[in-house]
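One-letter residues, chain by chain:
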Amino acid sequence: MMRQVPFLDLVTPHVELEAELTAAFRDCLRSGHFVGGEAVEQFEQEFARFCGVRYCVGVANGTDAVRFALMAGGVAAGDAVITVPNTFIATTEAISQAGALPLFVDVEEATGNLDPARLGQFLELECRFDAAAHTLLHRGSARRIAAIVPVHLYGQMADMDPILALAEEYGLPVIEDACQAHGAEYRSAREGGWRKAGSMGLAAGFSFYPGKNLGACGEAGAVTTNEERLAAHLRKLRDHGQGRKYYHDIEGYNGRLDALQAAILQVKLKRLEDWNRQRGAAAENYARLLAGSELLLPQAPSGSKPVYHLYVVRVPQRDAVRAELAGAGVGTGIHYPIPLHLQKAYAALGHSAGDFPVSEQLAGEILSLPMYPQLSYDDQKYVVGKLAEAVAGHRLPAAELPAASL
Ligand SMILES: *Cc1c(COP(=O)(O)O)cnc(C)c1O
(Lines give C-alpha, C1' and ligand atoms only; values in the text may rest on other atoms or scores of the structure.)
Protein backbone atom coordinates (compact mmCIF):
# COMPACT_ATOMS: atom_id res chain seq x y z
CA MET A 1 0.00 0.00 0.00
CA MET A 2 1.23 3.48 -0.82
CA ARG A 3 2.43 5.55 2.11
CA GLN A 4 0.05 8.34 3.16
CA VAL A 5 1.36 11.42 4.92
CA PRO A 6 -1.50 13.70 5.90
CA PHE A 7 -1.04 17.46 6.04
CA LEU A 8 -2.28 17.42 9.63
CA ASP A 9 -2.98 14.67 12.17
CA LEU A 10 -5.65 15.60 14.71
CA VAL A 11 -6.30 12.03 15.83
CA THR A 12 -3.02 10.84 17.36
CA PRO A 13 -2.62 13.60 20.00
CA HIS A 14 -6.17 12.95 21.22
CA VAL A 15 -5.67 9.19 21.39
CA GLU A 16 -2.64 9.82 23.62
CA LEU A 17 -4.68 12.10 25.89
CA GLU A 18 -7.99 10.25 25.72
CA ALA A 19 -8.18 9.27 29.40
CA GLU A 20 -7.43 12.81 30.60
CA LEU A 21 -9.77 14.42 28.09
CA THR A 22 -12.58 12.03 28.94
CA ALA A 23 -12.10 12.78 32.63
CA ALA A 24 -12.31 16.52 31.88
CA PHE A 25 -15.61 15.95 30.08
CA ARG A 26 -16.94 13.83 32.94
CA ASP A 27 -16.05 16.58 35.46
CA CYS A 28 -17.91 19.03 33.30
CA LEU A 29 -21.03 16.82 33.14
CA ARG A 30 -20.98 16.23 36.87
CA SER A 31 -20.50 19.89 37.82
CA GLY A 32 -23.07 21.18 35.34
CA HIS A 33 -20.77 24.13 34.58
CA PHE A 34 -20.84 24.39 30.81
CA VAL A 35 -20.07 28.06 30.16
CA GLY A 36 -17.68 30.10 32.29
CA GLY A 37 -16.83 28.98 35.82
CA GLU A 38 -13.73 27.54 37.43
CA ALA A 39 -12.26 25.68 34.47
CA VAL A 40 -12.37 28.86 32.38
CA GLU A 41 -10.75 30.94 35.11
CA GLN A 42 -8.04 28.35 35.72
CA PHE A 43 -7.24 28.02 32.05
CA GLU A 44 -7.10 31.80 31.71
CA GLN A 45 -4.55 32.02 34.51
CA GLU A 46 -2.46 29.19 33.09
CA PHE A 47 -2.44 30.60 29.58
CA ALA A 48 -1.61 34.11 30.85
CA ARG A 49 1.36 32.61 32.68
CA PHE A 50 2.40 30.68 29.57
CA CYS A 51 2.39 33.89 27.50
CA GLY A 52 4.07 36.00 30.18
CA VAL A 53 1.16 38.42 30.60
CA ARG A 54 -1.07 39.46 33.50
CA TYR A 55 -4.48 38.73 31.99
CA CYS A 56 -6.12 36.27 29.66
CA VAL A 57 -9.79 36.43 28.74
CA GLY A 58 -11.23 33.30 27.16
CA VAL A 59 -13.58 33.84 24.23
CA ALA A 60 -15.49 31.77 21.71
CA ASN A 61 -12.91 31.73 18.87
CA GLY A 62 -9.90 33.55 17.46
CA THR A 63 -11.92 35.89 15.27
CA ASP A 64 -13.82 37.15 18.31
CA ALA A 65 -10.51 37.40 20.18
CA VAL A 66 -9.04 39.78 17.59
CA ARG A 67 -12.32 41.68 17.24
CA PHE A 68 -12.78 42.15 21.00
CA ALA A 69 -9.11 43.10 21.41
CA LEU A 70 -9.54 45.78 18.75
CA MET A 71 -12.74 47.11 20.33
CA ALA A 72 -11.27 47.13 23.84
CA GLY A 73 -8.20 48.83 22.36
CA GLY A 74 -10.35 51.73 21.20
CA VAL A 75 -11.23 50.84 17.61
CA ALA A 76 -14.69 52.19 16.80
CA ALA A 77 -17.09 52.43 13.88
CA GLY A 78 -15.68 54.52 11.03
CA ASP A 79 -12.01 53.98 11.95
CA ALA A 80 -9.31 52.31 9.87
CA VAL A 81 -6.90 49.57 11.00
CA ILE A 82 -3.61 48.60 9.35
CA THR A 83 -2.78 44.95 8.68
CA VAL A 84 -1.24 42.69 6.02
CA PRO A 85 -2.85 41.19 2.90
CA ASN A 86 -1.35 37.72 3.35
CA THR A 87 -3.25 36.38 6.29
CA PHE A 88 -6.37 34.36 6.96
CA ILE A 89 -9.50 36.42 6.33
CA ALA A 90 -10.40 36.26 10.05
CA THR A 91 -7.88 39.08 10.68
CA THR A 92 -9.76 41.51 8.44
CA GLU A 93 -13.18 40.14 9.42
CA ALA A 94 -12.31 41.08 12.99
CA ILE A 95 -11.36 44.58 11.81
CA SER A 96 -14.55 45.01 9.78
CA GLN A 97 -16.70 43.58 12.57
CA ALA A 98 -15.19 46.14 14.94
CA GLY A 99 -16.61 48.71 12.49
CA ALA A 100 -13.28 49.63 10.89
CA LEU A 101 -11.82 49.61 7.40
CA PRO A 102 -8.86 47.28 6.82
CA LEU A 103 -5.85 49.03 5.25
CA PHE A 104 -3.06 46.86 3.90
CA VAL A 105 0.71 47.16 4.13
CA ASP A 106 2.86 44.59 2.33
CA VAL A 107 5.10 42.02 4.02
CA GLU A 108 8.78 41.11 4.15
CA GLU A 109 9.68 38.52 1.57
CA ALA A 110 11.83 36.43 3.93
CA THR A 111 9.21 35.91 6.65
CA GLY A 112 5.84 36.85 5.12
CA ASN A 113 5.25 39.14 8.12
CA LEU A 114 4.42 42.86 8.24
CA ASP A 115 7.35 44.85 6.81
CA PRO A 116 8.31 47.59 9.29
CA ALA A 117 9.95 49.64 6.51
CA ARG A 118 6.78 49.62 4.42
CA LEU A 119 4.74 50.36 7.54
CA GLY A 120 6.92 53.42 8.15
CA GLN A 121 6.44 54.58 4.55
CA PHE A 122 2.70 54.07 4.79
CA LEU A 123 2.41 56.08 8.00
CA GLU A 124 4.60 58.86 6.62
CA LEU A 125 3.26 59.14 3.10
CA GLU A 126 -0.32 57.89 3.17
CA CYS A 127 -1.38 59.33 6.50
CA ARG A 128 -1.38 62.81 8.02
CA PHE A 129 -1.83 64.24 11.48
CA ASP A 130 -5.00 66.17 12.07
CA ALA A 131 -3.82 68.56 14.78
CA ALA A 132 -7.29 69.78 15.71
CA ALA A 133 -8.62 66.26 16.24
CA HIS A 134 -5.31 64.90 17.64
CA THR A 135 -5.59 61.96 15.32
CA LEU A 136 -3.73 60.32 12.50
CA LEU A 137 -5.85 60.28 9.35
CA HIS A 138 -5.50 58.01 6.34
CA ARG A 139 -5.36 60.39 3.37
CA GLY A 140 -7.17 58.11 0.96
CA SER A 141 -10.20 57.30 3.09
CA ALA A 142 -10.10 60.29 5.49
CA ARG A 143 -10.57 57.81 8.33
CA ARG A 144 -8.82 57.83 11.68
CA ILE A 145 -6.10 55.18 11.96
CA ALA A 146 -6.99 53.38 15.18
CA ALA A 147 -4.61 50.40 15.41
CA ILE A 148 -1.94 48.25 13.75
CA VAL A 149 -2.46 44.47 13.58
CA PRO A 150 0.75 42.52 12.86
CA VAL A 151 0.04 38.83 12.21
CA HIS A 152 2.57 36.31 13.55
CA LEU A 153 2.17 34.11 10.49
CA TYR A 154 3.07 30.40 10.40
CA GLY A 155 4.17 30.57 14.06
CA GLN A 156 6.82 33.25 13.71
CA MET A 157 6.48 36.62 15.37
CA ALA A 158 6.53 39.76 13.27
CA ASP A 159 9.50 42.10 13.77
CA MET A 160 7.89 43.75 16.77
CA ASP A 161 10.58 46.22 17.91
CA PRO A 162 10.44 48.52 14.88
CA ILE A 163 6.67 48.04 14.62
CA LEU A 164 6.21 49.09 18.26
CA ALA A 165 8.61 52.01 17.78
CA LEU A 166 6.53 53.29 14.87
CA ALA A 167 3.31 52.70 16.78
CA GLU A 168 4.67 54.75 19.65
CA GLU A 169 5.84 57.52 17.34
CA TYR A 170 2.39 57.78 15.77
CA GLY A 171 0.42 57.13 18.96
CA LEU A 172 -1.19 53.90 17.75
CA PRO A 173 -2.02 50.75 19.71
CA VAL A 174 -0.71 47.43 18.40
CA ILE A 175 -3.04 44.43 18.57
CA GLU A 176 -1.20 41.18 17.79
CA ASP A 177 -2.90 38.48 15.75
CA ALA A 178 -1.20 35.60 17.58
CA CYS A 179 -3.65 32.98 16.32
CA GLN A 180 -0.83 30.92 14.75
CA ALA A 181 1.90 31.62 17.28
CA HIS A 182 1.22 30.04 20.71
CA GLY A 183 4.60 30.09 22.42
CA ALA A 184 6.61 31.80 19.67
CA GLU A 185 9.35 34.07 20.98
CA TYR A 186 11.05 37.27 19.85
CA ARG A 187 14.21 38.86 21.23
CA SER A 188 13.27 42.43 21.96
CA ALA A 189 16.02 45.02 22.34
CA ARG A 190 13.36 47.55 23.37
CA GLU A 191 12.22 45.37 26.24
CA GLY A 192 15.59 43.82 26.95
CA GLY A 193 14.93 40.12 26.47
CA TRP A 194 12.92 37.35 24.91
CA ARG A 195 9.18 37.98 24.71
CA LYS A 196 6.36 35.56 23.94
CA ALA A 197 3.74 36.10 21.27
CA GLY A 198 0.78 37.86 22.81
CA SER A 199 2.83 39.81 25.34
CA MET A 200 4.18 42.71 23.30
CA GLY A 201 1.17 44.62 22.00
CA LEU A 202 -1.59 46.35 23.95
CA ALA A 203 -3.50 43.08 23.54
CA ALA A 204 -3.40 39.96 21.38
CA GLY A 205 -5.89 37.51 19.93
CA PHE A 206 -5.32 33.74 20.04
CA SER A 207 -7.30 30.99 18.35
CA PHE A 208 -7.66 27.47 19.73
CA TYR A 209 -9.22 26.10 16.56
CA PRO A 210 -8.39 22.36 16.52
CA GLY A 211 -5.54 22.61 14.00
CA LYS A 212 -3.66 25.38 15.83
CA ASN A 213 -0.57 24.57 17.96
CA LEU A 214 -2.87 24.65 20.99
CA GLY A 215 -6.27 23.47 19.80
CA ALA A 216 -9.56 22.82 21.55
CA CYS A 217 -11.90 19.96 20.61
CA GLY A 218 -14.13 22.54 18.96
CA GLU A 219 -14.05 26.33 18.79
CA ALA A 220 -12.23 28.51 21.32
CA GLY A 221 -10.04 31.60 21.59
CA ALA A 222 -8.52 34.06 24.05
CA VAL A 223 -7.27 37.62 24.39
CA THR A 224 -4.09 38.36 26.34
CA THR A 225 -3.14 41.75 27.79
CA ASN A 226 -1.24 43.36 30.63
CA GLU A 227 -3.87 46.08 31.10
CA GLU A 228 -6.36 45.45 33.88
CA ARG A 229 -8.95 47.88 32.52
CA LEU A 230 -8.74 46.32 29.10
CA ALA A 231 -9.23 42.84 30.58
CA ALA A 232 -12.29 44.06 32.49
CA HIS A 233 -13.74 45.54 29.31
CA LEU A 234 -13.03 42.33 27.39
CA ARG A 235 -14.91 40.31 30.01
CA LYS A 236 -17.93 42.51 29.40
CA LEU A 237 -17.66 42.41 25.62
CA ARG A 238 -17.66 38.61 25.58
CA ASP A 239 -20.64 38.38 27.97
CA HIS A 240 -23.46 40.65 26.77
CA GLY A 241 -21.88 43.71 28.32
CA GLN A 242 -22.62 42.56 31.84
CA GLY A 243 -20.33 42.78 34.85
CA ARG A 244 -23.07 41.35 37.04
CA LYS A 245 -25.85 39.12 35.71
CA TYR A 246 -28.56 41.16 33.94
CA TYR A 247 -26.85 44.50 34.68
CA HIS A 248 -25.68 45.54 31.23
CA ASP A 249 -23.20 48.42 31.17
CA ILE A 250 -22.83 48.20 27.42
CA GLU A 251 -24.24 46.10 24.63
CA GLY A 252 -21.84 43.19 24.21
CA TYR A 253 -21.72 39.84 22.45
CA ASN A 254 -22.21 36.17 23.14
CA GLY A 255 -18.49 35.44 22.82
CA ARG A 256 -17.70 33.28 25.82
CA LEU A 257 -15.40 30.27 26.18
CA ASP A 258 -17.13 26.96 26.95
CA ALA A 259 -16.11 25.33 30.24
CA LEU A 260 -15.61 22.03 28.45
CA GLN A 261 -13.19 23.58 25.95
CA ALA A 262 -11.36 25.33 28.79
CA ALA A 263 -10.99 22.01 30.64
CA ILE A 264 -9.72 20.34 27.46
CA LEU A 265 -7.32 23.24 26.85
CA GLN A 266 -5.96 22.88 30.40
CA VAL A 267 -5.05 19.27 29.61
CA LYS A 268 -3.47 20.16 26.28
CA LEU A 269 -1.64 23.29 27.47
CA LYS A 270 0.56 21.02 29.61
CA ARG A 271 1.78 19.40 26.39
CA LEU A 272 2.25 22.56 24.33
CA GLU A 273 5.93 23.14 25.04
CA ASP A 274 6.77 19.54 24.12
CA TRP A 275 4.65 19.74 21.00
CA ASN A 276 6.31 23.01 19.96
CA ARG A 277 9.72 21.40 20.51
CA GLN A 278 8.70 18.45 18.34
CA ARG A 279 7.54 20.85 15.62
CA GLY A 280 10.91 22.62 15.88
CA ALA A 281 12.74 19.30 15.50
CA ALA A 282 10.61 18.41 12.47
CA ALA A 283 11.42 21.83 10.96
CA GLU A 284 15.14 21.15 11.48
CA ASN A 285 14.75 17.77 9.80
CA TYR A 286 13.05 19.37 6.81
CA ALA A 287 15.78 22.02 6.60
CA ARG A 288 18.48 19.33 6.62
CA LEU A 289 16.69 17.07 4.14
CA LEU A 290 15.98 20.00 1.80
CA ALA A 291 19.42 21.62 2.07
CA GLY A 292 20.91 22.18 -1.36
CA SER A 293 17.56 21.98 -3.12
CA GLU A 294 16.40 24.93 -5.19
CA LEU A 295 13.42 25.53 -2.91
CA LEU A 296 13.29 28.56 -0.65
CA LEU A 297 12.91 27.39 2.95
CA PRO A 298 11.39 29.21 5.94
CA GLN A 299 13.71 31.87 7.32
CA ALA A 300 14.01 32.52 11.05
CA PRO A 301 15.89 35.74 11.85
CA SER A 302 18.38 35.38 14.74
CA GLY A 303 16.10 37.09 17.27
CA SER A 304 13.18 34.80 16.53
CA LYS A 305 12.08 31.40 17.84
CA PRO A 306 9.19 30.26 15.66
CA VAL A 307 6.83 27.48 16.72
CA TYR A 308 6.20 26.20 13.17
CA HIS A 309 2.44 26.19 13.10
CA LEU A 310 3.12 25.64 9.41
CA TYR A 311 6.26 24.71 7.48
CA VAL A 312 6.03 26.72 4.28
CA VAL A 313 8.43 26.36 1.37
CA ARG A 314 8.44 28.27 -1.92
CA VAL A 315 8.16 26.11 -5.00
CA PRO A 316 8.22 27.04 -8.67
CA GLN A 317 5.31 25.40 -10.57
CA ARG A 318 3.62 25.08 -7.19
CA ASP A 319 0.21 23.85 -8.32
CA ALA A 320 1.62 21.06 -10.51
CA VAL A 321 4.02 20.01 -7.76
CA ARG A 322 1.19 20.01 -5.23
CA ALA A 323 -1.01 17.83 -7.44
CA GLU A 324 1.83 15.37 -7.90
CA LEU A 325 2.41 15.18 -4.14
CA ALA A 326 -1.30 14.53 -3.62
CA GLY A 327 -0.98 11.65 -6.11
CA ALA A 328 1.88 10.26 -4.02
CA GLY A 329 -0.22 10.37 -0.83
CA VAL A 330 1.32 13.56 0.57
CA GLY A 331 -1.12 16.15 1.91
CA THR A 332 -0.15 19.81 1.60
CA GLY A 333 -1.84 23.18 2.03
CA ILE A 334 -1.59 26.73 0.67
CA HIS A 335 -1.69 29.50 3.27
CA TYR A 336 -3.05 31.44 1.49
CA PRO A 337 -3.68 31.17 -2.27
CA ILE A 338 -5.27 34.61 -2.77
CA PRO A 339 -4.07 37.66 -0.82
CA LEU A 340 -6.95 39.41 0.90
CA HIS A 341 -6.81 42.56 -1.25
CA LEU A 342 -7.63 40.41 -4.30
CA GLN A 343 -10.43 38.42 -2.67
CA LYS A 344 -13.94 38.90 -4.04
CA ALA A 345 -15.11 39.78 -0.52
CA TYR A 346 -12.91 42.89 -0.67
CA ALA A 347 -13.63 44.00 -4.23
CA ALA A 348 -15.18 47.16 -2.78
CA LEU A 349 -11.78 48.21 -1.41
CA GLY A 350 -10.80 48.81 -5.03
CA HIS A 351 -7.43 47.07 -5.07
CA SER A 352 -5.90 45.44 -8.10
CA ALA A 353 -3.09 43.01 -8.89
CA GLY A 354 0.27 44.69 -8.34
CA ASP A 355 -0.80 46.69 -5.27
CA PHE A 356 1.05 44.40 -2.82
CA PRO A 357 3.63 42.60 -4.94
CA VAL A 358 5.40 40.64 -2.20
CA SER A 359 2.17 39.12 -0.88
CA GLU A 360 1.10 38.34 -4.44
CA GLN A 361 4.37 36.67 -5.33
CA LEU A 362 4.35 34.58 -2.17
CA ALA A 363 0.75 33.50 -2.78
CA GLY A 364 1.79 31.98 -6.11
CA GLU A 365 4.71 29.97 -4.74
CA ILE A 366 4.02 28.94 -1.14
CA LEU A 367 3.38 25.34 -0.21
CA SER A 368 2.74 24.15 3.35
CA LEU A 369 4.27 20.70 3.95
CA PRO A 370 2.92 18.20 6.48
CA MET A 371 3.65 19.56 9.98
CA TYR A 372 2.50 18.31 13.35
CA PRO A 373 4.30 17.18 16.51
CA GLN A 374 3.87 13.45 15.81
CA LEU A 375 5.19 13.64 12.22
CA SER A 376 7.78 10.87 11.88
CA TYR A 377 11.23 11.23 10.37
CA ASP A 378 10.46 8.43 7.90
CA ASP A 379 7.38 10.30 6.74
CA GLN A 380 9.43 13.47 6.38
CA LYS A 381 11.98 11.64 4.23
CA TYR A 382 9.15 10.33 2.08
CA VAL A 383 7.68 13.85 1.71
CA VAL A 384 11.03 15.35 0.76
CA GLY A 385 11.77 12.54 -1.70
CA LYS A 386 8.44 12.98 -3.45
CA LEU A 387 8.81 16.75 -3.39
CA ALA A 388 12.25 16.55 -5.03
CA GLU A 389 10.86 14.22 -7.73
CA ALA A 390 7.91 16.50 -8.38
CA VAL A 391 10.05 19.63 -8.58
CA ALA A 392 12.51 17.94 -10.94
CA GLY A 393 9.64 16.68 -13.08
CA HIS A 394 8.16 20.15 -13.44
CA ARG A 395 11.36 22.09 -13.94
CA LEU A 396 10.98 24.44 -16.88
CA PRO A 397 13.50 24.11 -19.70
CA ALA A 398 16.20 26.75 -19.18
CA ALA A 399 14.98 28.71 -22.22
CA GLU A 400 11.61 29.32 -20.58
CA LEU A 401 12.97 30.47 -17.25
CA PRO A 402 12.73 34.18 -16.53
CA ALA A 403 16.24 35.66 -16.68
CA ALA A 404 16.26 36.56 -12.99
CA SER A 405 15.98 32.98 -11.82
CA LEU A 406 18.82 31.60 -13.93
C1 LIG B 1 -7.08 30.77 12.84
C2 LIG B 1 -6.80 32.22 12.64
C3 LIG B 1 -7.71 33.22 13.05
C4 LIG B 1 -9.10 32.94 13.53
O5 LIG B 1 -9.29 32.02 14.47
P6 LIG B 1 -10.70 31.22 14.59
O7 LIG B 1 -10.57 30.58 15.92
O8 LIG B 1 -10.77 30.28 13.46
O9 LIG B 1 -11.79 32.24 14.58
C10 LIG B 1 -7.32 34.53 12.93
N11 LIG B 1 -6.13 34.88 12.39
C12 LIG B 1 -5.26 33.96 11.96
C13 LIG B 1 -3.96 34.41 11.39
C14 LIG B 1 -5.57 32.61 12.05
O15 LIG B 1 -4.70 31.70 11.59
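Everything numeric in this text was worked out from a predicted model, so none of it was measured.

Asks: Help me understand the overall build of the protein, please; the structure alone is not making it clear to me.
Replies: What the protein contains, in helices and strands, is 12 helices and 16 strands. What you see for the protein is a C-alpha radius of gyration of 22 Å, in line with the 22 Å of a compact globule of 406 residues. In terms of principal-axis extent, the alpha carbons of the protein reach across some 70 × 60 × 40 Å. For the protein, the computed accessible surface area is about 18,000 Å², with 52% contributed by carbon and sulfur atoms. Distance between charge centres in the protein, computed from 37 positive and 47 negative side chains, equals 4 Å.

Asks: For this particular structure, what's the right way to read empty space enclosed by the protein?
Replies: A water-sized probe, rolled over the atoms, reveals where empty space remains. For the structure on display, the rule yields one cavity of 30 Å³ or more. Estimated volume of the largest cavity: approximately 130 Å³. As for the largest cavity, its lining consists of 17 residues, of which Leu10, Pro13, Lys212, Asn213 and Arg279 are closest to the centre. The set of elements that each furnish at least two residues to the lining of the largest cavity consists of helix H1 (12–16) and helix H9 (259–290). Split by domain, the residues of the lining of the largest cavity number at least three in each of domain 1 (12–106 + 113–266) and domain 2 (272–405).

Asks: Help me understand the domain arrangement of the protein in this model?
Replies: Many structure descriptions define interface size as the accessible area lost when the parts assemble. For the protein, the assigned domains read domain 1 (12–106 + 113–266) and domain 2 (272–405). With centres defined by C-alpha atoms, the gap from domain 1 to domain 2 works out at 26 Å. In this complex, domain 1 contributes 37 residues to the contact, which on the side of domain 2 involves 34 residues. Summing both sides of the interface, domain 1 and domain 2 together bury roughly 3,000 Å²; the carbon and sulfur share of this comes to 59%. The three residues of domain 1 that bury the most area against domain 2 are Phe104, Tyr154 and Asn213, which together make up 25% of that side's buried surface. Summed over the shared surface of domain 1 and domain 2, the result is zero salt bridges. Linking domain 1 to domain 2 there are 17 residue pairs in polar contact (both at pLDDT 80 or more).

Asks: Mind showing me how you'd approach unusual backbone geometry here?
Replies: Backbone geometry follows two general trends: most residues other than glycine have a negative phi, and most peptide bonds adopt the trans configuration. The omega angle of the peptide bond from His335 to Tyr336 is 15°, so this bond is cis rather than trans. Residue position: Tyr336 is located in the loop between helix H10 (318–327) and helix H11 (357–365). In this structure, His134 is a non-glycine residue whose phi angle is positive, near 55°. Its place among the elements puts His134 in the loop between strand S4 (127–130) and strand S5 (135–138). Overall, His134 belongs to the exposed group, its relative accessible area being 71%. Residue Ala142 is not a glycine yet carries a positive backbone phi of 60°. Within the secondary structure, Ala142 sits in the loop between S5 and strand S6 (145–148).

Asks: I would appreciate a short explanation of a nonpolar patch on the surface in the present structure.
Replies: Together, Phe25, Leu29, Phe34 and Val35 give the surface a local cluster of nonpolar side chains, amounting to about 370 Å² of exposed area. Among the secondary structure elements, Phe25 is positioned in helix H2 (residues 18–31).

Asks: I'm lost on the pairing of S4 in this one. Help?
Replies: Both faces of the sheet carry side chains from a regular strand, because those side chains alternate between them. Sheet topology note: the S4/S5 ladder contains four bridges and is antiparallel. If you follow Phe129 over to S5, its bridge partner there is Leu136. As consecutive antiparallel partners, S4 and S5 are separated by four residues, and within that stretch His134 has a phi angle of approximately 55°, a positive value.

What counts as what
Residues numbered from 1 in each chain as written. Predicted model: local features only at pLDDT ≥ 70, side-chain atom pairs only at ≥ 80, totals over all residues. Heavy atoms only, no water. Helix = DSSP H or I, 4+ residues; strand = E, 2+ residues; numbered from the N terminus. Rg over C-alpha atoms; globule rule 2.2 N^0.38 Å. Areas by Shrake-Rupley, 256 points an atom, 1.4 Å probe, with all protein chains shown as cover. Lys, Arg positive; Asp, Glu negative; His and termini not counted. Charge placed at Lys NZ, Arg CZ, Asp CG, Glu CD. 1 Å grid on protein atoms, 1.4 Å probe; cavity = no way out; pocket = protein on both sides within 12 Å on 5 of 7 lines; lining within 4 Å. Points joined across faces, edges and corners; volume = space filled by probe spheres on them. Domains from an automatic or database assignment. Contact = heavy atoms within 4.5 Å. Buried area = accessible area lost by both parts, 1.4 Å probe. Salt bridge = Lys/Arg side-chain N within 4 Å of Asp/Glu carboxyl O. Polar contact = N/O pair within 3.5 Å; in protein donor to acceptor, adjacent residues only side chain to side chain. Buried < 20%, exposed > 50% of the residue type's maximum accessible area, 1.4 Å probe, protein only. Patch = residues over 30% accessible without salt bridge, like charges linked within 9 Å, V, L, I, M, F, W, Y side chains within 5 Å. Pairing = 2+ DSSP bridges.

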